[in-house]
Amino acid sequence: MTENIQCLIIGSGPAGYTAAIYASRANLHPVVYTGIQRGGQLTITTEIDNFPGHPNGIQGPKLMEDMEAQAARFGADIRQGIVEKVDFSSRPFKAWADDGKEIIADAVIIATGASARYLGLESEERFKGMGVSACATCDGFFYRNQVVAVAGGGDTACEEAVYLAGIAKKVYLIHRRDELRASKAMQERVFKTPNIEILWSRTTDEIVGDDDGVTGIILNNLKTNQKEKYDISGFFVAIGHHPNTEVFKDFIECDKEGYIITKPGTTQTNIPGVFAAGDVQDTRFKQAITAAGTGCMAAIELEKFLKQ
């Protein structure tokens, strides 16, 4: 079944839903395919305290439900499903969804996000949102004056550890090697922060906890082959993100990590009429508010593009 539309938004989350709100209000009648995780990564977080307009905080799933409802209120056609294939070689653009529809769109916004890489532990999955996080900026506030751990050894892990050190009583930085992969400048910041302790040559075997959340971790010391237990209340995974761009790579220019490259100060990709918003093109901030901001930008740019 073929369907002709003005605006296709691929992906939900703060970027996709904000783009849908703006596109709907501009009478572009956007169709939104939400992807596997309807509402994006925020649906697996708990309390969000840093999104403006919620002085008492808001639960991640509730925030995304509200954004979706707001987009639907203005007429966005929101569909649970995945865009499996695209053809951006010429306008109008084509996309094929898993509901069997072929979408022919005058313009497209990609808002598929970036998924945090995790260690792959069963216990890690069990305690996501209950002490396990992939975003210190998002969740660090909840661990004021507590003991936390960060897994990783690159710039991201060091940045997370330094950030958390300003909030938590103590930060363990867990790294499988005996030297960090981070830049020298970031390493110096870590070494000079007194409440960061680096646990060299260790891997995480298990995260332990109870009904209230994380209470500790069990590490494997690679040099002694001994198991070690540390009491913590927060575990932050900082081993990178994977942008969800596989389906677009034949057409859209991406960097070496797979993030979509946009023209500076815009959401424009290398293909006129295709825009990218949110974490799929953000290698730096990865915040709900910045994702929403670029969703707004993409919708406004798309509207101007169609008028031209």
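Residues numbered from 1 in each chain as written. Predicted model: local features only at pLDDT ≥ 70, side-chain atom pairs only at ≥ 80, totals over all residues. Heavy atoms only, no water.

Engineer: Looking at this model, I keep getting lost on empty space enclosed by the protein. Mind explaining?
Structural biologist: To find the voids left in a structure, one rolls a probe of water-molecule size over its atoms. The tally for this structure, following the rule as stated, stands at 1 cavity of 30 Å³ or more. Forming the boundary of the largest cavity are Ala134, Thr156, Glu160, Val237, Ala238, Ile239, Gly240 and His241. In the lining of the largest cavity, the residues fall into 4 nonpolar, 3 polar and 1 charged. (1 Å grid on protein atoms, 1.4 Å probe; cavity = no way out; pocket = protein on both sides within 12 Å on 5 of 7 lines; lining within 4 Å. Points joined across faces, edges and corners; volume = space filled by probe spheres on them. Nonpolar A, V, L, I, M, F, W, Y, C, P; charged D, E, K, R; others polar.)

Engineer: Whenever I open this one, the state of the cysteines confuses me. Can you help?
Structural biologist: Each disulfide is one covalent bond, formed between the sulfur atoms of two cysteines. One pass over the structure, following the stated rule, counts 1 disulfide. Here cysteine 135 engages in a disulfide with cysteine 138; their sulfurs sit 2.2 Å apart. Here the disulfide of cysteine 135 and cysteine 138 is right-handed, its torsion about the S-S bond being about 70°. A relative accessible area of 24% places cysteine 138 in the partly exposed class. Cysteine cysteine 296 is unpaired, with the sulfur of cysteine 7 as its nearest cysteine sulfur at 13 Å. (Disulfide = S-S within 2.5 Å. Buried < 20%, exposed > 50% of the residue type's maximum accessible area, 1.4 Å probe, protein only.)

Engineer: When you look at the layout of surface pockets in this model, what are you seeing that I'm missing?
Structural biologist: Each pocket or cavity is described by its volume, and for the second largest pocket that value is around 260 Å³. Lining the second largest pocket are 13 residues, with Leu119, Gly152, Arg176, Thr203 and Ile239 sitting closest to its centre. With 3 residues, strand β14 (residues 202-210) is the single largest residue contributor to the lining of the second largest pocket. Looking at side-chain class alone, the lining of the second largest pocket contains 4 nonpolar, 5 polar and 4 charged residues. (Helix = DSSP H or I, 4+ residues; strand = E, 2+ residues; numbered from the N terminus.)

Engineer: Mind showing me how you'd approach helix α1 (residues 13-25) here?
Structural biologist: In an α-helix, one turn spans 3.6 residues, which is why side chains three or four residues apart end up on the same side. The end-to-end C-alpha distance of α1 is 18 Å, a good match for the 18 Å that 13 residues give at a rise of 1.5 Å each. With 11 of 13 residues buried, α1 is to be regarded as a mostly interior element. Among the residues of α1, those classed as buried are Gly13, Pro14, Ala15, Gly16, Tyr17, Thr18, Ala19, Ala20, Ile21, Ala23 and Ser24. Contact partners of the buried residues in α1: β1 (2-10), β2 (31-33), α2 (60-73), β5 (77-79), β8 (102-110) and α7 (288-307). Phi turns positive one or two residues past the end of α1, at asparagine 27, with a value near 60°. (Expected span 1.5 Å × (residues − 1). Contact = heavy atoms within 4.5 Å.)

Engineer: I keep staring at the environment of methionine 67 and nothing clicks. Help me out?
Structural biologist: Inspection of the secondary structure puts methionine 67 in helix α2. Sequence-wise, methionine 67 and tryptophan 200 are 133 residues apart; in three dimensions their C-alpha atoms are separated by 43 Å.

Engineer: Would you mind going over the sheet that holds strand β10 (residues 132-133) with me for this structure?
Structural biologist: To summarise the sheet geometry, strands pair through backbone hydrogen bonds and adopt either a parallel or an antiparallel arrangement. A sheet is described by the order of its strands in space; here 5 strands give the open sequence β10-β17-β11-β12-β13, paired in parallel fashion. Each edge of the open sheet carries a strand with a single partner, namely β10 and β13 (196-199). Relative to β13, strand β12 (residues 170-174) runs parallel, the two sharing 4 bridges. Looking at β13, one finds that leucine 173 is bridged to isoleucine 198. (Pairing = 2+ DSSP bridges.)

Engineer: I keep staring at the packing of aromatic side chains and nothing clicks. Help me out?
Structural biologist: To describe a pair of aromatic rings, you give the distance between the ring centres and the angle between the ring planes. With the rule as written, the count across this model stands at 7 aromatic pairs. Joined through ring pairs, the aromatic side chains of Phe88, Phe93, Phe248 and Phe251 make up one cluster. Just above the ring of phenylalanine 74 sits the side chain of arginine 25; from NZ or CZ to the centre is 5.1 Å. Across the ring face of tryptophan 96, the terminal group of lysine 85 is positioned such that the distance to the ring centre comes to 5.0 Å. (Phe/Tyr/Trp six-rings, centres within 6.5 Å; stacked < 30°, edge-to-face > 60°. Lys NZ or Arg CZ within 6 Å of the ring centre and 35° of its normal.)

Engineer: Please clarify how the packing of helix α5 (residues 155-165) against helix α6 (residues 184-191) should be interpreted in this entry.
Structural biologist: For any two helices packed against each other, the geometry comes down to the angle between their axes and how far apart the axes lie. Between α5 and α6, the shortest axis-to-axis distance is 9 Å and the interhelical angle comes to 30°. Considered as vectors, α5 and α6 are oriented roughly parallel to each other. For the element pair α5 and α6, the recorded crossing hand is left-handed. Taking contact as the criterion, the partners of Asp155, Cys158, Glu159 and Val162 in α5 are, on α6, Met186, Arg189 and Val190. A breakdown of the residues in the contact of α5 with α6 according to their chemical character gives 4 nonpolar, no polar and 3 charged. (Axes fitted to C-alpha atoms, helices over the stretch in contact; angles between N-to-C directions. Parallel < 35°, antiparallel > 145°, perpendicular 65-115°, else oblique. Left-handed = near helix turned anticlockwise from the far one by under 90°.)

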